[in-house]
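Residue-level structural notes
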Amino acid sequence: MLTKTKIYLSSPHMGGSEQKFVNEAFATNWIAPLGPNVNGFEADIKKYLGNNHHVAALSSGTSAIHLALQLLDVCKGDEVLCQSFTFSASANPIIYQGATPVFIDSESDTWNMSPELLEIAIKDRIEKYKKPKAIIAVHLYGMPYKANEINSIARKYNIPVVEDSAEALGSTYYNQKCGSLSDAGILSFNGNKIITTSGGGALVVKTQELKDKAVFLSTQARDNAPHYEHSSIGFNYRMSNVLAGIGRGQMEVLDDRVQARRNNFEFYKKNLSHFDGIKFLEEPDNFYSNRWITCIETESFEIREKIRLELLKDDIESRPLWKPMHMQPIFKDYLHFTNGTSENLFDKGLCLPSGSNLSQDDLDRILNNITNTLKL
Ligand SMILES: *Cc1c(COP(=O)(O)O)cnc(C)c1O
């Protein structure tokens with residue numbers, strides 16, 4: 001019998017010219033956290049997002065969130081409101097800063113931060129003389145959050161928004177690119193994201209001055225002097241010129257990657273939505289998701305687990321949706337404003353294999369497996 005290959009949830013997918021840019025880095029000996037690929041990659045992202053934005057290429061999405069909080073002067077004792085339904089990397093930098101997270105639940109139309117709960121939380125914190133220093137909202141699985149609503153609440157109370165767009169490069173909201181919708185946007189190029197540099201990230205800000213400050217902090221905060229002089233604490237967060245070469249190649253194929261992932265979503269939806277109790281997250285009008293991961297919501301925890309374990313037997317990777325931060329052992333004692341949405345999704349939801357390099361045979365194999373389970 002032919003041995004079947006493992007199918008991953010989301011694996012890297014090179015376009016072809018990555019190697020050329022990496023070879024250039026070797027040929028010119030730019031093997032450092034600066035060089036032509038770093039500048040070129042930043043220029044590519046800036047062009048993609050719109051030229052009124054400024055981009056700093058960094059070592060990870062997590063470091064981008066950390067620097068965003070630095071730029072917003074989030075300090076020890078400050079409170080930061082953060083979407084609870086997300087990956088822990090959205091919230092960890094709050095702790096790095098010695099600040100305190102307050103978690104906000106999602107709404108069912110986008111699975112992202114509920115604008116209603118956000119405002120309730122802000123009012124509560126202001127009443128208790130704890131006005132939040134920042135808001136971290138997340139475009140989870142590529143679906144944009146309600147940026148108009150979130151931004152207008154943020155403006156009303158004068159609180160800046162950090163836009164965690166780690167999963168949403170290529171998504172748009174009213175024709176504006178995700179990552180460019182707030183005071184500080186962050187992107188990730190980790191190995192599982194829609195495009196990758198193996199590991200990497202970027203911070204997107206509104207002024208050259210803020211970008212310069214982010215780059216300064218990301219390269220150990222060296223003052224202008226012939227020796228090493230420091231008047232602030234720096235980080236080693238800049239992107240390597242070798243990895244930025246991979247990023248330049250990946251930017252050439254970003255649109256194709258979005259299309260391929262959207263096609264995966266359409267395939268699953270077309271072939272599974274006739275089963276009672278299998279639900280897909282639809283795009284509200286003017287929301288365009290890159291469909292980084294196709295997720296289904298099943299009828300119960302038991303059915304979700306049955307599907308997941310049957311897939312596993314056939315060497316197909318799937319995964320429950322993100323476990324909300326307010327349920328995580330490390331964060332459960334922090335204040336949270338919840339409505340049951342993310343707990344329900346964690347209970348019943350499943351991420352299906354969604355790589356842009358899945359073949360039709362792979363998709364058919366996944367579909368047959370799920371269909372057999374649901375017919376039982
Ligand atoms: C991947 C991810 C991050 C972190 O990005 P890294 O590049 O892995 O550090 C942050 N937030 C979300 C929602 C993510 O999915």
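Above: the structure in question.
Throughout what follows, the structure given in this document is the object of discussion. (Residues numbered from 1 in each chain as written. Predicted model: local features only at pLDDT ≥ 70, side-chain atom pairs only at ≥ 80, totals over all residues. Heavy atoms only, no water.)

Our next topic: the environment of His326. Tracing the chain through its elements places His326 in the loop between strand S13 (319-320) and strand S14 (336-337). Residues His326 and Pro101 lie 225 residues apart in sequence; the distance between their C-alpha atoms is 9.8 Å. In this view, His326 contacts Ser84, Phe103, Lys332, His336, Thr338, Ser342 and Glu343; residues no more than four positions away in its chain are not counted. Here Glu343 takes part through its side chain, which lies 2.7 Å from a polar atom of the side chain of His326. (Helix = DSSP H or I, 4+ residues; strand = E, 2+ residues; numbered from the N terminus. Contact = heavy atoms within 4.5 Å. Polar contact = N/O pair within 3.5 Å; in protein donor to acceptor, adjacent residues only side chain to side chain.)

With that settled, the discussion passes to the sheet that holds strand S11 (residues 287-288). Within the open sheet, the 3 strands sit side by side as S7-S6-S11. Their pairing is antiparallel. Looking at the sheet topology across the chains shown, the edges are occupied by strand S7 (176-177) and S11. Here strand S6 (residues 172-173) pairs with S7 via 2 bridges, running antiparallel. Along S7, the bridge assignment pairs Tyr173 with Gln176. (Pairing = 2+ DSSP bridges.)

We now examine the side chain of Glu119. Among the secondary structure elements, Glu119 is positioned in helix H5 (residues 115-127). Once you skip the residues sitting within four places of it in the chain, Glu119 turns out to touch Ile153, Lys156 and Tyr157.

With respect to the secondary-structure elements, Gly179 resides in the loop between S7 and strand S8 (184-188). Measuring from C-alpha to C-alpha, the distance between Gly179 and Gly201 comes to 12 Å, with 22 residues separating the pair along the chain.

Moving on, we get to the sheet that holds strand S15 (residues 349-352). Pairing in this open sheet of 4 strands is antiparallel, and the strands run S10-S12-S15-S13 from one edge to the other. The open sheet has two edge strands with one neighbour each: strand S10 (279-280) and S13. Examined bridge by bridge, S10 and strand S12 (residues 294-297) share 2 bridges and lie antiparallel to one another. Within S12, the residue paired with Lys279 across the bridge is Glu297.

Note that Thr28 resides in the loop between helix H1 (18-27) and helix H2 (36-49). Reaching out from Thr28, the side chain makes a polar contact with the backbone oxygen of Ala25 at a distance of 3.5 Å.

Our next topic: the pattern of salt bridges. All told, the structure shown has 18 salt bridges when counted by the stated rule. A salt bridge links Arg262 to Glu283; the nearest nitrogen and oxygen atoms lie 2.6 Å apart. Placement of the pair is Arg262 in helix H9 (residues 254-272) and Glu283 in the loop between S10 and S11, with a sequence separation of 21 residues. Arg262 sits in the buried class, given a relative accessible area of 16%. Ionic contacts of the salt-bridge type, sharing partners, join the residues Glu79, Asp124, Arg125 and Lys128 into one network. (Salt bridge = Lys/Arg side-chain N within 4 Å of Asp/Glu carboxyl O. Buried < 20%, exposed > 50% of the residue type's maximum accessible area, 1.4 Å probe, protein only.)

This brings us to the site of the ligand. The environment of the ligand is formed by 15 residues, the closest being Thr62, Asp164, Glu167, Ser188 and Lys193. A distance of 3.3 Å separates an oxygen atom of the ligand from a polar atom in the side chain of Asn190. Contact distances for the ligand include 3.4 Å between an oxygen atom and a side-chain N or O atom of Lys193. Considering the ligand on its own, with 380 Å² of exposed area, one finds that the protein chains cover 94% of that surface. Class assignment of the residues belonging to the shell around the ligand gives a composition of 4 nonpolar, 8 polar and 3 charged. (Near = heavy atom within 4 Å. Areas by Shrake-Rupley, 256 points an atom, 1.4 Å probe, with all protein chains shown as cover. Nonpolar A, V, L, I, M, F, W, Y, C, P; charged D, E, K, R; others polar.)

Taken as a class, soluble globular proteins show a tendency for nonpolar side chains to be buried jointly. Judged by nonpolar contacts, the single largest core of 57 residues is most densely connected at Ile45, Ile135, Tyr141, Leu169 and Phe189. Lining this core are residues from two domains, each supplying at least three of them: domain 1 (18-251) and domain 2 (255-375). (Core = buried A, V, L, I, M, F, W, Y, C linked by side-chain atoms within 4.5 Å. Domains from an automatic or database assignment.)

The next point concerns helix H11 (residues 341-348). For H11, the full list of buried residues reads Thr341, Ser342 and Leu345. Each buried residue of H11 sits inside an arc of 90° when the element is viewed along its axis, so together they form one side. Among the structural elements, S12 and S15 are those in contact with the buried residues of H11. (Arc of directions from axis to C-beta.)

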